[in-house]
Amino acid sequence: MTTLTPILSRNWDRPDSFTLEGYRATGGYGALRKALGMEPDAIVDLVKASGLRGRGGAGFPTGMKWGFLPKDNPNPRYLVVNADESEPGTCKDIPLMLANPHVLVEGVAIASYAIRSHQAFIYVRGEVVHVIRRLRRAVAEAYEAGLLGKDILGSGFDLDVVVHAGAGAYICGEETALLDSLEGYRGQPRLKPPFPAVAGLYASPTVVNNVESIASVPGIVSGGAEWFTSMGTEKSAGFGFFSLSGHVANPGQYEAPLGITLRELLDMAGGIRPGHRLKFWTPGGSSTPIFTEEHLDTPLDFESVGAAGSMLGTRALQIFDETTCVVRAVGRWIAFYAHESCGKCTPCREGNYWMVQVLDRLERGQGTEADLDKLLDICDNLLGRSFCALGDGATSPVMSSIKHFRQEYIDHVEKGCCPFDHSRSTVWADRTATTGGKQ
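Residues numbered from 1 in each chain as written. Predicted model: local features only at pLDDT ≥ 70, side-chain atom pairs only at ≥ 80, totals over all residues. Heavy atoms only, no water.

Draft legend 1. Expanded view of unusual backbone geometry. The omega angle of the peptide bond from K192 to P193 is 0°, so this bond is cis rather than trans. Counting through the fold element by element, P193 comes out in the loop between α8 (175-182) and α9 (196-199). Of the consecutive residues P193 and P194, the connecting peptide bond is found in the cis state with omega at 5°. Its place among the elements puts P194 in the loop between α8 and α9. Although it is not a glycine, R116 sits at a positive phi angle of roughly 60°. Considering the arrangement of structural elements, one finds R116 in the loop between α6 (101-114) and β2 (119-124). The backbone of Y202 shows a phi angle near 55°, a positive value even though the residue is not glycine. With respect to the helices and strands, Y202 occurs in the loop between α9 and β4 (206-210). (Helix = DSSP H or I, 4+ residues; strand = E, 2+ residues; numbered from the N terminus.)

Encoded structure:
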């Protein structure tokens, strides 16, 4: 049985976990002091040796990304933290910044020193005003304590950090769209190459990392690469947040080694809500192919999930029991992607729009079996042909749901309506049943 590894979340139960005093009381900023006594390249090598892979979805090796910055470019270097968490089901970075913002600030300082950057930005989703305020307060505390600004801890290293509030566009989670937004332009993906490491923010060398990736760096500096690789698997080292939501008894954040299984996580979370059984789930958020009960024992690491036909993504485990209509669920996801498409490329702009029309028609029982082939045809024109990963991600739930639940789609056609009572899948359905309809 795999056990939890509360590292980033170990102090979340402290009432002062978000303050500088509370963070320092448990060893906070000790890693920064240690890092400032090391050579920047030694920190990059340490992160490479740890095997830390990006926690924002793609899983690209963090240290390798840092090493891509050209040494002969005279322009300033920038670190940008992607805190634009917006995908349905993904909910790990926002609670982390709310409960422990200083671990991110410390990680930003260490990463900036390692890549020789003197200006860092934290780009936060605009709707989470409470998180933005808390993060800005943490940055202000760090400035007041000499942990940011000029001559940090007497090391001679200078760093300024800006917390930037986005405007609430999902597309700005794509790194180049984020950079355009940060520069004041409309958030749309850029053509690559050049990649941000060569020409990123203000056409200068830039590293863009996820919140959890950067927040993991202080622990690696303190504990060392061997400590980090002692958790997880050989190719997916370390720990991470697994965000359980939906039809589970105790939803929440479960910080565990990579390679844990959903069966183990459900045991920790009290299982599926009483009286029900698992129907389908997402291993990495709504943009990853769905899994079913047969995948309960698939190790949740990058390689194993990929081999099973999906992606680990952001480890957003949305759990659905047998009361859920898969056609309705997928339709809601695609409506989100159609709404959030930036419209820059035709496949994504038109493909998601038309998938919404077809899925709505099928859910109402007004579609035909030929509509399933139409959906797959649209996906074929979207996958690998859109300007960024938004279009690719939108095809995942459609194609995988038809693969695993084709008969359920056909049932909608044959019965001329949705065969599910949607009220049964709500969180209050069982409560109503046990109280005789009284709330």
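Draft legend 2. Quick look at helix α16 (residues 346-363). In this model, α16 (18 residues) spans 25 Å end to end at C-alpha, consistent with the 26 Å of a helix rising 1.5 Å per residue. Of all the residues in α16, the buried ones are C348, G351, N352, M355, V356, V358, L359, L362 and E363. G365 occupies a position one or two residues after α16 and carries a positive phi of about 80°. (Expected span 1.5 Å × (residues − 1). Buried < 20%, exposed > 50% of the residue type's maximum accessible area, 1.4 Å probe, protein only.)

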